[in-house]
Amino acid sequence: MPRVIFYTATTLNGFLADDHDSLDWLFAAPGGEGGDADFQRFLAGIGVLVQGSSTYRWVLEHEDLVAHPEKWPAYYGDRPTWVFSSRVQPVVPGVDIRFASGDVREAWPQIRESAGDRDVWIVGGGDLAGQFADAGLLDEIRVSIAPATLPSGKPLLPRSLGADRLRLIDARQAGAFAELTYAVTGQQR
């Protein structure tokens, strides 16, 4: 069964995005564009991506992907992407994008099937990752802490997960970032 991994970056004070859902702060940090060898190994094990509508819209608009769909494979390859949204979203031409709304448990069988024998990457956002945690479907949180702070914004994981549910399994330096990996216990699969 595939693992579900929330792999993201956060500011030092725990924000994924600013108040306008922008990730500009991340790309301003040295190494914020990602792509190191460890990330490439991670990505090789991913069968499907899952993201919320705010993350999807920001990437779509920031990279002008509707007009330039050829950029998509450079970021995500040819993996299917599930987008959770309660609103109609634009589609990147030629890309396998699937939309879902409502409870993540209802979409889980299809997401799991589309992952094949590889893992599921929750790209963002924090609330969506929290919904997977609430459903007992989140296996791992892998967070890169950036050398940046924001006065306010979207929180990393707007849930209460205590030490009884999180076990540190790795810590490393990745350029200017600190990367922490936690196993999440209490899955209900």
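Cut-offs used in this document
- Residues numbered from 1 in each chain as written.
- Predicted model: local features only at pLDDT ≥ 70, side-chain atom pairs only at ≥ 80, totals over all residues.
- Heavy atoms only, no water.
- Helix = DSSP H or I, 4+ residues; strand = E, 2+ residues; numbered from the N terminus.
- Rg over C-alpha atoms; globule rule 2.2 N^0.38 Å.
- Buried < 20%, exposed > 50% of the residue type's maximum accessible area, 1.4 Å probe, protein only.
- Contact = heavy atoms within 4.5 Å.
- Areas by Shrake-Rupley, 256 points an atom, 1.4 Å probe, with all protein chains shown as cover.
- Lys, Arg positive; Asp, Glu negative; His and termini not counted.
- Charge placed at Lys NZ, Arg CZ, Asp CG, Glu CD.
- Phe/Tyr/Trp six-rings, centres within 6.5 Å; stacked < 30°, edge-to-face > 60°.
- Lys NZ or Arg CZ within 6 Å of the ring centre and 35° of its normal.
- Pairing = 2+ DSSP bridges.
- Core = buried A, V, L, I, M, F, W, Y, C linked by side-chain atoms within 4.5 Å.
- Axes fitted to C-alpha atoms, helices over the stretch in contact; angles between N-to-C directions.

**Regarding the overall build of the chain**
Logical step 1: For the chain, the count of helices and strands is six helices and 10 strands.
Logical step 2: For a compact globule of 189 residues, the expected C-alpha radius of gyration is about 16 Å, and the chain comes in at 16 Å, within 12% of that figure.
Logical step 3: For the chain, the spread of C-alpha atoms along the three principal axes comes to 40 × 40 × 30 Å.
Logical step 4: The 189 residues of the chain split such that 48% are buried.
Logical step 5: Put simply, of all contacts in the chain between residues at least 6 apart along the chain, 76% involve residues at least 24 apart.
Logical step 6: Entry remark: accessible area of the chain is about 9,200 Å², with carbon and sulfur atoms responsible for 52%.
Logical step 7: Within the chain, one finds 17 positive and 25 negative side-chain charges whose respective centroids are separated by 5 Å.

**Comments concerning the packing of aromatic side chains**
The relative placement of two aromatic rings is captured by the distance of their centres and the angle of their planes.
Logical step 1: The final tally for this structure, using the stated rule, is 13 aromatic pairs.
Logical step 2: Measuring from ring centre to ring centre gives 6.3 Å for Y7 and W121, while their planes differ by 45 degrees; the resulting arrangement is tilted. Placement of the pair is Y7 in strand β1 (residues 4-10) and W121 in strand β6 (residues 119-124), with a sequence separation of 114 residues. One exposure class covers both Y7 and W121, and it is buried.
Logical step 3: Note on F39 and W121: the rings are 5.7 Å apart at their centroids and 70 degrees apart in plane angle, and the pair reads as edge-to-face. In this pair, F39 is assigned in helix α2 (residues 37-44) and W121 in strand β6, connecting sequence segments 82 residues apart.
Logical step 4: Here F39 falls in the buried class, since its relative accessible area comes to 16%.
Logical step 5: For W121, a relative accessible area of 7% translates into the label buried.
Logical step 6: Through a chain of ring-to-ring contacts, the aromatic side chains of Y7, F39, F42, W72, Y75, Y76 and W121 assemble into a single cluster.
Logical step 7: Here the basic side chain of R142 rests over the ring of Y7, its NZ or CZ set 4.7 Å away from the ring centre.

**Topic: the pairing of β1**
Logical step 1: Extensive coverage of β1 is indicated by the burial of seven of its seven residues.
Logical step 2: Across three bridges, β1 lies against β6 in parallel orientation. Bridge pairing in β6 places V4 opposite V120.
Logical step 3: In the sheet, β1 pairs with strand β7 (residues 140-145) via six bridges, with the strands oriented parallel. Paired with T10 across the two strands is I145, which belongs to β7.

**Brief notes about the nonpolar core**
A general feature of soluble globular proteins is that nonpolar side chains tend to end up buried together.
Logical step 1: W25, W72, V92 and W121 are the most contacted members of the largest nonpolar core, which has 32 residues in total.
Logical step 2: Tallying contributions element by element places helix α3 (residues 53-62) first for this core, with four residues.
Logical step 3: If you look at the next biggest cluster of nonpolar residues, it comprises 26 residues, including V4, W82, V120 and V184.

**Observations regarding the pairing of strand β9 (residues 166-174)**
Logical step 1: Bridge count for β9 against strand β10 (residues 177-184) is eight bridges, and the pairing is antiparallel. Within β10, the position partnered with A174 by the bridge is F177.

**So, unusual backbone geometry**
Logical step 1: Residue G125 follows G124 across a cis peptide bond; omega there is 5 degrees.
Logical step 2: By the secondary structure assignment, G125 is in the loop between β6 and α6 (126-134).
Logical step 3: Of note in the backbone geometry, D21 takes a positive phi value of approximately 65 degrees without being a glycine.
Logical step 4: Looking at the secondary structure, you find D21 in the loop between β2 (15-17) and α1 (24-28).

**Considerations on the sheet that holds β10**
Logical step 1: An order of β5-β4-β3-β6-β1-β7-β10-β9 is seen for the eight strands of this open sheet, with the pairing classed as mixed. Only two strands of the sheet have a single neighbouring strand rather than two, namely β5 (97-100) and β9. Shown here is a sheet whose adjacent strand axes are inclined to one another by a mean of 20 degrees, direction ignored.

Worth remembering: the numbers are spatial, not functional.
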